[in-house]
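Structural features, examined
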Amino acid sequence: MRFLALLICLLLPFSALAQTAEQPTGTITLTDDASADAAIANRIRDILGELDGYEDISVTVSSGIVTLRGTTLDPGKATRLNELTSRVEGVVAIENAVQESTDVVERLNPAMERFRIRAVQLIAFLPLALVALSVFVLVVIFGFWLARRQQPWERLSPNAFIADIYRQIIRLLFVIGGLVIALDIVNATALLSGILGAAGIVGLAIGFAVRDTVENFIASIMLSIRQPFRPNDTVEIEGDTGKVIRLTSRATILLSFDGNHIRIPNSTVFKSRIVNYSRNAERRFTFSLSVASDAELDHARTRALQVLNDLPFVLPVPEAAAWVETVGDSWVTLSMAAWINQNETNITLARSEAIRLTQAAYDADGIAAPVPSYRIENLPPSLQPADKAPVSKGSVQTPAPAPVQEVSATQDQELEKIVDQERAQTSRHDLLSETASEE
């Protein structure tokens, strides 16, 4: 009972509002005319008969007072009855007792009618939509067929990667063009601006989210146009050294001298310091050796140059060089440098042989750096070392060094074969080209 009382209290203000809102404000006449009341009622019925939603409204007029009863599906229509009725001449007051209908069937009928009308419209629109869809599909198919052709894209582009970009642009243009034509057929071109606006906002958000990927993509384009290396070149990038296998749209693949694959993102490659060891066939190697502090330094330098120039793999031009690097307490350090043809000679083996033979020459001449010696003082007599007779430099016979060993670039050639095999298997993913411009 309390709930019903509360509900009545809540509904009473709305009922009063419906009855008192938009009441006529004109002067009330002194005479009561029944014919005028009938005319007012007929006029209101005619007006409501022309409007939707007022089919169940009854109208009675007595002494200019209009009483409205019945139900309507829209509560807003019941409120607007006061405004409409007050405009009829002769209306003194309005008693609006119209309520919102709660009948389930009555409320579902309009929805079902709307569904029926929309279904009929959809069936009538279906042939035109099929025509628009067919035109869109034909335009897209033609664009994809045109993009798959080798010409003129390969003729216009410096490499396969740029040609693929041209093809992607052609596909996108034909998809957009087909969409515009299809929307124009169904007279819905206004929808295109909304689609493009939403696509622009989404594209901007995605661009911020994947800016590293976009940067990598742009770097791939730049590297494919101006290639700083060729297949099988030995390069150093960000501290990684190896032979170039291929350049893809995302990364540069190297084969290290340990046989491992090194994948470096193109954005890193584009911004990094790149050392290309294969651009020039001539390559220099250096090393340092020490001689005794009392050795004749000019003799030591001349002896090193003699050894280097006698090596069959050392090039006469540019010339080999030797110089004094540092002077220490017990020895003097000399640095030597020589040039080789790295296409024929392995630089690591060549450097190893040069060090071995130069050190052997110093040992044979008795000018090699002595072994470090230390003197320990204040030892008890029982721990004192026994005195040994000094050994003269000439009393020790240094054995003759072994002849020059093989230093051909066999290892590099084997790695090149591995690179060639991998490139043959994945040639379609490679952006490197022998005809591209070099930096």
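The shown structure was predicted, so the numbers you read here are calculated from the model rather than taken from an experiment.

Each value, and the rule that gives it
- Along each chain, residue indices are assigned from 1 in the same order as the chain's sequence is written.
- Totals for whole chains, interfaces and linings use every residue, but because this is a predicted model, local features are given only for residues with pLDDT of at least 70 and side-chain atom pairs only at 80 or more, for both listing and counting.
- The side-chain quantities take in all heavy atoms of the structure and omit both hydrogens and water.
- Here, any two strands with at least 2 DSSP bridges between them count as paired.
- Runs of H or I in DSSP of at least four residues are treated as helices and runs of E of at least two as strands, each being numbered from the N terminus.
- Here an angle of 0 to 180 degrees is reported between the N-to-C directions of two axes, which are lines fitted to C-alpha atoms, with helices fitted over the stretch in contact.
- Every patch collects residues that have over 30% relative accessible area and no salt bridge, joining them within 9 Å if they carry like charges and within 5 Å if they are nonpolar side chains (Val, Leu, Ile, Met, Phe, Trp, Tyr).
- Residue burial considers only the protein chains on display, and all accessible areas are found by Shrake-Rupley using a 1.4 Å probe.
- We count a salt bridge whenever a side-chain nitrogen from Lys or Arg sits within 4 Å of a carboxyl oxygen from Asp or Glu.
- Burial status follows relative accessibility: with a 1.4 Å probe on protein chains alone, a residue under 20% of its type maximum counts as buried, one over 50% as exposed, and anything between as partly exposed.
- We call two residues contacting when some pair of their heavy atoms lies within 4.5 Å.
- Residues enter a nonpolar core if they are buried and are Ala, Val, Leu, Ile, Met, Phe, Trp, Tyr or Cys, with the set joined through side-chain atoms within 4.5 Å.
- The aromatic pairing rule takes the rings of Phe, Tyr and Trp, using the six-membered ring of Trp, and pairs them if the centres are within 6.5 Å, calling planes under 30 degrees apart stacked, those over 60 edge-to-face and the rest tilted.
- Two conditions define a charge sitting above a ring: the NZ of Lys or the CZ of Arg must be within 6 Å of the ring centre, and it must be within 35 degrees of the ring normal.
- One less than the residue count of a helix, multiplied by 1.5 Å, gives the span that helix is expected to have.
- Regarding the arc, it is the one traced by the directions from the helix axis to the C-beta atoms.
- How sure the predictor is of each residue is captured by pLDDT, a score from 0 to 100.
- In protein, a polar contact requires one atom able to donate a hydrogen and another able to accept it; more generally it is a pair of N or O atoms within 3.5 Å, and residues adjacent in sequence count only if both atoms are side-chain atoms.

Attention now moves to the sheet that holds strand β7 (residues 251-255). The strand order across the open sheet formed by 5 strands is β8-β7-β6-β5-β9, and the pairing between neighbours is antiparallel. Both outer strands of the open sheet, β8 (261-265) and β9 (274-276), are each paired with one neighbouring strand and no more. Across this sheet, the average inter-strand angle for adjacent strands is 40°, counted without regard to direction. Pairing analysis gives 5 bridges linking β7 to β8, with the strands arranged antiparallel.

With that settled, consider a nonpolar patch on the surface. A cluster of nonpolar residues, Leu126, Leu130, Leu133, Val137 and Ile141, forms a patch on the protein surface that exposes about 440 Å² of accessible area. Mapped onto the fold, Val137 is located in helix α4 (residues 104-148).

Moving on: the pattern of salt bridges. Applying the stated rule across the entire model yields 6 salt bridges. The shortest N-O distance in the salt bridge between Glu353 and Arg356 comes to 2.8 Å. With Glu353 and Arg356 both in helix α11 (residues 347-365) and 3 residues apart, this pair spans about one turn of that helix. By relative accessible area, which is 29% here, Arg356 ends up partly exposed. One salt bridge connects Lys417 with Glu414, and the closest N-O pair in it is separated by 3.8 Å. Within this pair, Lys417 and its partner Glu414 are both found in helix α12 (residues 410-425), separated by 3 residues, close to a single helical turn. According to the relative accessible area criterion, Glu414 is partly exposed, its value standing at 41%.

Here we take up the sheet that holds strand β12 (residues 331-341). Taken in spatial order, the 3 strands line up as β10-β12-β11 in an open sheet, and their pairing is antiparallel. The sheet terminates laterally at β10 (282-292) and β11 (321-327), the two strands that pair on one side only. For this sheet, the mean inter-axis angle between neighbouring strands, taken without regard to orientation, is 25°. Along the sheet, helix α10 (residues 297-310) makes contact with β10, β11 and β12, crossing β12 at roughly 20°. Of the strands in this sheet, β10 and β12 touch α11, which is tilted by about 25° from β10.

Now for the nonpolar core. One finds Phe285, Leu308, Met336 and Tyr362 to be the most contacted residues of the largest nonpolar core, which totals 30 residues. Where this core is concerned, the elements lending two or more residues are β10, α10, β12 and α11. For this core, the element with the highest residue contribution is α11, accounting for 6 residues. In contact with Phe285, other than residues within four places in its own chain, are Met336, Ala337, Ala338, Ile340, Ile347, Ala350, Arg351 and Ala354. In terms of nonpolar packing, the next biggest core, distinct from the first, is built from 16 residues, Ile57, Leu81, Val88 and Val91 among them.

Counted by the stated rule, this structure contains 3 aromatic pairs. Three or more aromatic residues joined by ring pairs form one cluster here, namely Phe142, Trp145 and Phe174. A cation over a ring is seen here: Arg171 above Phe144, with NZ or CZ 5.6 Å from the ring centre. Across from the ring centre of Tyr277, 4.0 Å away, lies the NZ or CZ of Arg283, which sits over that ring.

Here we come to helix α2 (residues 34-49). Think of an α-helix as 3.6 residues a turn; residues three or four steps apart then line up on the same face. For α2, which comprises 16 residues, the first-to-last C-alpha distance of 22 Å matches the rise-based estimate of 22 Å (1.5 Å per residue) to within 8%. Listed as buried for α2 are Asp37, Ile40, Ala41, Ile44 and Leu48. Viewed along the axis of α2, the buried residues span an arc of 95°, placing them on a single side of the element. Buried residues belonging to α2 abut β1 (57-62), β2 (65-72) and α3 (75-86).

Attention now moves to the environment of Leu81. Mapping Leu81 onto the fold places it in helix α3. You can call Leu81 buried: its relative accessible area is 1%. Sequence spacing of Leu81 and Leu48 is 33 residues, and the spatial spacing of their C-alpha atoms is 9.0 Å.

A separate point is the confidence of the model for the protein chain. Mean pLDDT over the protein chain: 79, with 79% of residues reaching 70 or higher. Note that residues 1-6 has pLDDT below 50 and, in this model, 0 contacts with residues that lie over four places away or in other chains. A low-confidence stretch, residues 8-20 stays under pLDDT 50, and its non-local contacts, those more than four residues away or across chains, total 8 contacts.

Taking 1.5 Å per residue, 19 residues should reach 27 Å; α11 reaches 27 Å between its end C-alpha atoms and fits that length. Considered for burial, the residues of α11 that qualify are Ile347, Ala350, Glu353, Ala354, Leu357, Thr358, Ala360, Ala361 and Tyr362. Buried residues along α11 sit against β10, α10 and β12. Sitting at the amino-terminal end of α11 is Asn346, which places a side-chain oxygen 2.9 Å from the backbone nitrogen of Thr348. The first or second residue beyond α11 is Gly366, which carries a positive phi of 70°.

Attention shifts here to the environment of Glu215. Counting through the fold element by element, Glu215 comes out in helix α8 (residues 211-225). Setting aside anything within four residues of it in sequence, one finds Glu215 in contact with Ser267 and Lys271.

Our focus in this paragraph is unusual backbone geometry. Of note, the amide linkage connecting Val317 to Pro318 takes the cis form, showing an omega dihedral of -5°. Positionally, Pro318 belongs in the loop between α10 and β11. The backbone of Asn232 shows a phi angle near 75°, a positive value even though the residue is not glycine. On the secondary structure map, Asn232 appears in the loop between β4 (226-227) and β5 (234-237). Judged by relative accessible area, which is 13%, Asn232 ranks as buried. Backbone geometry places Glu238, a non-glycine residue, at a positive phi of 55°. Its relative accessible area of 53% is what places Glu238 among the exposed residues.

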